[in-house]
Amino acid sequence: MTSGREMFYNCTSLSTFDSTMMRIDDGTGMFYNCIALTDFTPYISSIRIGNDMFNGCKKLTSFNQNMNELTEGRSMFYNCSSLLPYRSWTNEMPKLKDGTFMFGNCNNLFAFTSDLESVEFGDDMFNGCGKLTSYYGQFSSLVDANRMFLNCL
């Protein structure tokens with residue numbers, strides 16, 4: 001499977017997803033508004049487009065994998081308010097260019113460690129991450145950063 005665009009869009013009862021996804025390139029809206037999704041375990045290191053992939057997955061608690069090919073992550077984890085409680089994001093995304101609203105309203109994100117050297121668009125990237133207290137990384141390509149850390153502690 002190379003494209004999962006809106007595959008499980010608005011499947012509000014889907015709580016667990018465990019599958020072999022050897023090569024997925026486009027996950028746009030794949031789990032959009034899957035409000036019961038708590039567990040996601042497939043290895044998706046090849047994903048390139050993740051726009052809105054987990055947008056609205058309010059119960060998603062963990063996401064532990066590097067996304068070495070990801071270039072577009074607009075609103076990828078937007079409103080994932082349970083994401084990484086009491087933990088930090090340490091997943092690598094070296095090719096990410098668009099992180100607009102990527103982690104917006106991820107209220108439980110405490111620390112973020114990742115090399116974002118390719119990010120050009122970071123508008124609202126961490127807007128509403130009220131518990132974010134530490135960030136470790138670089139933004140050597142950043143062009144737009146409007147409201148990037150708005151409403152963070």
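Residues numbered from 1 in each chain as written. Predicted model: local features only at pLDDT ≥ 70, side-chain atom pairs only at ≥ 80, totals over all residues. Heavy atoms only, no water.

Points about the pattern of salt bridges
- Taken as a whole, this structure holds 7 salt bridges when the rule is applied.
- One salt bridge in this structure joins Glu-69 and Lys-95, with 2.9 Å as the shortest N-O distance. Pair noted here: Glu-69 is in the loop between strand 2 (39–40) and strand 3 (87–89) and Lys-95 is in the loop between strand 3 and strand 4 (109–113), with a separation of 26 residues, a long-range link.
- For Glu-69, a relative accessible area of 33% corresponds to the partly exposed category.
- Lys-97 is paired through a salt bridge with Glu-120; the nearest N and O atoms lie 3.9 Å apart. A residue pair is termed long-range when its members are at least 10 positions apart, and Lys-97 in the loop between strand 3 and strand 4 and Glu-120 in the loop between strand 4 and strand 5 (134–136) qualify at 23 residues.
- The exposure class of Lys-97 is partly exposed, given its relative accessible area of 38%.
- Through salt bridges with shared partners, a single network forms among Glu-72, Arg-74 and Asp-98. (Salt bridge = Lys/Arg side-chain N within 4 Å of Asp/Glu carboxyl O. Helix = DSSP H or I, 4+ residues; strand = E, 2+ residues; numbered from the N terminus. Buried < 20%, exposed > 50% of the residue type's maximum accessible area, 1.4 Å probe, protein only.)

A short note on the side chain of Gln-65
- Looking at where Gln-65 falls in the secondary structure, it is placed in the loop between strand 2 and strand 3.
- Not counting residues up to four positions away in its chain, the partners in contact with Gln-65 are Phe-40, Pro-42, Tyr-43, Ile-44, Ser-45 and Asn-91. (Contact = heavy atoms within 4.5 Å.)

Re the sheet that holds strand 3
- Read across the sheet, 3 strands follow the order 3-4-5 without closing on themselves; strand pairing throughout is parallel. In this open sheet, the two edge strands, each paired with only one partner strand, are strand 3 and strand 5. For this sheet, the mean inter-axis angle between neighbouring strands, taken without regard to orientation, is 25 degrees.
- Judged from the 3 bridges that link them, strand 4 and strand 5 form a sheet pairing that is parallel. The residue of strand 5 that forms the bridge with Phe-112 is Tyr-135. (Pairing = 2+ DSSP bridges. Axes fitted to C-alpha atoms, helices over the stretch in contact; angles between N-to-C directions.)

Quick notes on the side chain of Asp-26
- Checked against the element boundaries, Asp-26 lands in the loop between strand 1 (16–17) and strand 2.
- For Asp-26, a relative accessible area of 10% puts it in the buried group.
- Separated by 2.8 Å, the side chains of Asp-26 and Arg-5 make a polar contact.
- Among residues more than four places away in sequence, those in contact with Asp-26 are Thr-2, Ser-3, Gly-4, Arg-5 and Ile-49. (Polar contact = N/O pair within 3.5 Å; in protein donor to acceptor, adjacent residues only side chain to side chain.)

Some points on the nonpolar core
- Counting 37 residues, the largest nonpolar core has Phe-31, Phe-54, Phe-77, Trp-89, Met-93, Phe-103 and Leu-109 as its most contacted members.
- Beyond its immediate stretch of four places on either side in the chain, Leu-109 contacts Leu-83, Leu-84, Trp-89, Phe-103, Phe-126, Cys-129, Lys-131 and Leu-132. (Core = buried A, V, L, I, M, F, W, Y, C linked by side-chain atoms within 4.5 Å.)

Quick word on the pairing of strand 4
- Sheet topology places strand 3 next to strand 4; 3 bridges connect them, and they run parallel. Paired with Arg-87 across the strands is Leu-109, a residue of strand 4.

What about the packing of aromatic side chains?
- Here the structure, examined in full by the defined rule, presents 26 aromatic pairs.
- For the pair Trp-89 and Phe-103, a centre-to-centre distance of 4.9 Å together with 70 degrees between the ring planes defines the contact as edge-to-face. In this pair, Trp-89 sits in strand 3 while Phe-103 sits in the loop between strand 3 and strand 4, placing the two residues 14 residues apart along the sequence. (Phe/Tyr/Trp six-rings, centres within 6.5 Å; stacked < 30°, edge-to-face > 60°.)

Things to note about unusual backbone geometry
- Backbone geometry at Ser-75 places phi at a positive 55 degrees, although glycine is not the residue there.
- Examined against the element boundaries, Ser-75 turns out to sit in the loop between strand 2 and strand 3.

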